[in-house]
Amino acid sequence: MRTSTMETMVPLVMLLVSLHFVKFSDGRNNHVQRDGKLLSLFQIVTFPNEPCIGNAGKNGTCYTTEECTAKGGSAAGTCAQGYGVCCSFTVNCGGTRSENCTYFESSGNEAGSCLATICPCSDNICQLRLDFDQFIISGPSTLTESLIATKFGQSVLAGQASSLAGACLTDSFSVSSPSGCAPPSICGTNSGEHMYVDASEACNDLRFVLGNQGVGTGIANRQWSVKVTQYACDFKNLAPEGCTQYHFGASTDIIQTYNFAGGRHLADQNQNICIRRERGNCKICFTAIEAIDVAVSGVLADMGFNNDDKKCCGYSPAGLADQGFDCIIIPGLMKSAAPNERLGDSMCGHNAGLVDVPVGADSVTVCSTRQPFNVRFRSDTFETMGELGILGFRLVYTQNSNGC
Ligand SMILES: *[C@@H]1O[C@H](CO)[C@@H](O)[C@H](O)[C@H]1NC(C)=O
Ligand SMILES: *[C@@H]1O[C@H](CO)[C@@H](O)[C@H](O)[C@H]1NC(C)=O
């Protein structure tokens, strides 16, 4: 932890009290008198450069006023008993910052490529957490123009007509990752969501690409404020390796696909949602509040949730007949009611919630005791024609100690 040091006037009251004391003890107590002579008008104050809560809706790092100005930050309130200022840091397109808790903000008139570079704030930074305090860019394509889908040079989707609906063809946001395991590129509305990425010693690039022509959707009134927190390699609550998102601190929370608020899941996703097992719990259950909160693949209207591993997350002929590739993977899925029969790990379907009884009968809760708790959303580049499950999912999870 770095620290700030400053020389400051001894507060007047303290000084007067001291002088008073020295005066009255004069001649009676040499010890006190000798100490009194050492009184200085100045004192040295040292405080750590810790995270602080600013007063303008932004957090920052505690620095002296001079340090904050020199580093290009802006003071938002005080810290360290008033000896420091809560210094917040902002970066816009083209900027570079190496401060913990930097906000990457839009100025409202960006176009084309907008890149901010985040460099390590100290020499052992392992992870970055991006909090999308505000995140509105154009949503994915809605065009259903038919094309022949190919993957690895092969025609996929069994010759079924498909489209690039769901792909971020107007705007996109991506972050570079040194491990090569970069989080998915996203677009649309993601305010309140977050994302983890491995930190690079050579800095990470956060890049918006903003089109000047809407593909299937209009151009959004773009606005973003992305808070970037840096974590040291020995930080106790790092997200486990490979997590796109990490939920912790509560035994219940909401998880959803990126751009759920925008009404359409995105193409080419591998959204790995990690959930910390909170103390005492060994089971996690997932509930769709509304049956329509789950819509991932599926051609038939209101098709029951399919947990057949052969059909979801693949290009098997059986799956393609009534699905698509896109799916949700929850390891160790089982029915919520005794005798808790095992279900497949991968699921797809739409508008019927999470079915844990025979297909067709709505039931909305499924559980797992497999650790670590994890949910993954996978989507390919294409949507098959007539695919109705396009919204994505929004689930509530609850951990409990039943049967531990
Ligand atoms: C500032 O930090 C506090 C405490 O960690 C947190 O509750 C709050 O949400 C943060 N505010 C912002 C704007 O990030
Ligand atoms: C960055 O700030 C967060 C709090 O916002 C803190 O938890 C973390 O340890 C800080 N990182 C470093 C490297 O000091």
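As the structure is a computational prediction, the values presented were derived from the model and not from experiment.

*Asks:* Break down the overall build of the chain for me, with residues and values.
*Replies:* In terms of regular secondary structure, the chain is built from four helices and 30 strands. Taking all 404 residues of the chain together, the buried fraction comes to 48%. Residue pairs at least 24 apart in sequence account for 73% of intrachain contacts in the chain once pairs closer than 6 positions are excluded. Of the accessible surface of the chain, which amounts to about 18,900 Å², a share of 53% is contributed by carbon and sulfur atoms.

*Asks:* Break down the site of ligand 2 for me, with residues and values.
*Replies:* As a structural note, the neighbourhood of ligand 2 is formed by Pro 51, Asn 100, Cys 121, Ile 125, Thr 229, Gln 230, Tyr 231 and Phe 235. A distance of 2.3 Å separates an oxygen atom of ligand 2 from a polar atom in the side chain of Asn 100. Between Gln 230 and ligand 2, the recorded distance is 2.8 Å, taken from a backbone N or O atom to a nitrogen atom. Bound to the protein, ligand 2 loses 69% of the 360 Å² it would expose on its own. For the shell around ligand 2, the leading source of residues is strand β17 (residues 223-232), giving three residues.

*Asks:* An account of the pairing of strand β8 (residues 102-105) is requested, with residue identities and associated values reported.
*Replies:* Taken residue by residue, a regular strand's side chains alternate between the two faces of the sheet. The alternating pattern of β8 places Thr 102 and Phe 104 on one face and Tyr 103 and Glu 105 on the opposite face, and all of these are buried. Two strands pair when backbone bridges link them, and strand β6 (residues 84-91) and β8 are joined in this way by three bridges, in the parallel orientation. Looking at the pairing, Phe 89 lines up with Thr 102 of β8.

*Asks:* Before we move on, can you summarise unusual backbone geometry with the specific residues and values?
*Replies:* Across residues other than glycine, the phi torsion is negative in most instances, and most of the peptide bonds are trans. The residue after Ala 338, namely Pro 339, is reached through a cis peptide bond having omega 5°. Here Pro 339 shows up in the loop between β24 (334-335) and β25 (346-347). Residue Gln 371 is joined to Pro 372 through a cis peptide bond whose omega torsion reads -5°. Relative to the helices and strands, Pro 372 resides in the loop between β27 (365-368) and β28 (373-378). Of note, the phi angle at Gln 81 is positive, near 55°, even though the residue is not glycine.

*Asks:* How would you summarise the state of the cysteines if you had to cite specific residues and measurements?
*Replies:* Under the counting rule described, the total for this entry stands at 11 disulfides. Here Cys 313 is linked by a disulfide to Cys 327, with a sulfur-sulfur distance of 1.9 Å. As the torsion about the S-S bond is roughly 105°, the Cys 313-Cys 327 disulfide counts as right-handed. Here Cys 313, found in the loop between β22 (294-296) and α4 (317-322), pairs with Cys 327, found in strand β23 (residues 327-329); they are 14 residues apart in sequence, far enough to count as distant.

*Asks:* Describe the site of ligand 1, and please don't skip the residues or the numbers.
*Replies:* Every residue lining ligand 1 is accounted for by Ile 53, Gly 57, Asn 59, Tyr 103 and Lys 227. Here Asn 59 contributes a side-chain N or O atom positioned 2.2 Å from an oxygen atom of ligand 1. Separating an oxygen atom of ligand 1 from a side-chain N or O atom of Lys 227 is a distance of 3.0 Å. In isolation ligand 1 exposes 360 Å². Once the protein is present, 44% of that is buried. Classifying every residue of the shell around ligand 1 gives two nonpolar, two polar and one charged.

*Asks:* How would you explain the sheet that holds strand β9 (residues 112-118) if you had to name every residue and give the values?
*Replies:* Strand order across the open sheet formed by four strands is β7-β9-β16-β14, with mixed pairing between neighbours. The open sheet is flanked by β7 (96-97) and β14 (171-175), the only strands paired with a single partner.

*Asks:* Talk me through the sheet that holds strand β18 (residues 245-247); I want residue IDs and the actual numbers.
*Replies:* The mixed open sheet is built from five strands, whose spatial order is β18-β20-β28-β23-β25. Only two strands of the sheet have a single partner each, and these edge strands are β18 and β25. Strand direction decides the pairing type here: β23 and β28, joined by three bridges, are antiparallel. Residue Ile 329 lies in a different strand from β28, and its bridge partner there is Arg 376.

*Asks:* Account for the nonpolar core, with residues named and values stated.
*Replies:* Counting residues in hydrophobic clusters, the biggest one holds 27 residues, and the most contacted among them are Phe 104, Leu 130, Phe 132, Phe 173, Leu 206, Phe 208 and Val 226. Sorting the residues of this core by element identifies β9, β10 (125-136), β14, β15 (194-198), β16 (204-210) and β17 as the ones contributing at least two each. Among the elements that take part in this core, β10 stands out by supplying five residues, more than any other. Those residues within four positions of Phe 173 in sequence are excluded, and the remaining contacts are Leu 130, Phe 132, Phe 135, Ile 137, Pro 184, Ser 185, Ile 186, Met 195, Leu 206, Arg 207 and Phe 208. Counting 21 residues, the second-largest nonpolar core is a separate cluster that includes Ile 284, Ala 288, Ile 330 and Val 375.

*Asks:* Go over the layout of surface pockets, please, and point to the residues and values.
*Replies:* Empty space within the largest pocket amounts to approximately 400 Å³. Around the largest pocket, the lining comprises 17 residues; the ones closest to its centre are Met 1, Asn 49, Asn 100, Cys 121 and Ser 122. At the level of elements, β4 (59-63) and β17 are the ones that each hand at least two residues to the lining of the largest pocket. Sorting elements by how many residues they give to the lining of the largest pocket places β17 first, with three residues.

*Asks:* Kindly report on the packing of aromatic side chains, identifying the contributing residues and their values.
*Replies:* Overall, the coordinates contain 13 aromatic pairs when judged by the stated rule. Ring geometry for Phe 135 against Phe 173: centres 5.6 Å apart, planes inclined by 90°, an arrangement best described as edge-to-face. With Phe 135 in strand β10 and Phe 173 in strand β14, this residue pair connects regions lying 38 residues apart in the sequence. Of the two residues examined, Phe 135 and Phe 173, each falls in the buried class. Joined through ring pairs, the aromatic side chains of Phe 104, Phe 132, Phe 135, Phe 173, Phe 208 and Trp 224 make up one cluster.

*Asks:* Describe in detail empty space enclosed by the protein, supporting the description with residues and values.
*Replies:* As enumerated under the stated definition, the model contains one cavity of 30 Å³ or more in all. Here the largest cavity is characterised by a volume of approximately 30 Å³. Lining the largest cavity, in full, are Ile 284, Phe 286, Ile 330, Pro 331, Ser 368, Arg 370, Pro 372, Phe 373 and Asn 374. When grouped by side-chain class, the residues that make up the lining of the largest cavity number six nonpolar, two polar and one charged.

Reading the values: rules and limits
Residues numbered from 1 in each chain as written. Chains lettered and ligands numbered in written order. Predicted model: local features only at pLDDT ≥ 70, side-chain atom pairs only at ≥ 80, totals over all residues. Heavy atoms only, no water. Helix = DSSP H or I, 4+ residues; strand = E, 2+ residues; numbered from the N terminus. Buried < 20%, exposed > 50% of the residue type's maximum accessible area, 1.4 Å probe, protein only. Contact = heavy atoms within 4.5 Å. Areas by Shrake-Rupley, 256 points an atom, 1.4 Å probe, with all protein chains shown as cover. Near = heavy atom within 4 Å. Polar contact = N/O pair within 3.5 Å; in protein donor to acceptor, adjacent residues only side chain to side chain. Pairing = 2+ DSSP bridges. Disulfide = S-S within 2.5 Å. Nonpolar A, V, L, I, M, F, W, Y, C, P; charged D, E, K, R; others polar. Core = buried A, V, L, I, M, F, W, Y, C linked by side-chain atoms within 4.5 Å. 1 Å grid on protein atoms, 1.4 Å probe; cavity = no way out; pocket = protein on both sides within 12 Å on 5 of 7 lines; lining within 4 Å. Points joined across faces, edges and corners; volume = space filled by probe spheres on them. Phe/Tyr/Trp six-rings, centres within 6.5 Å; stacked < 30°, edge-to-face > 60°.

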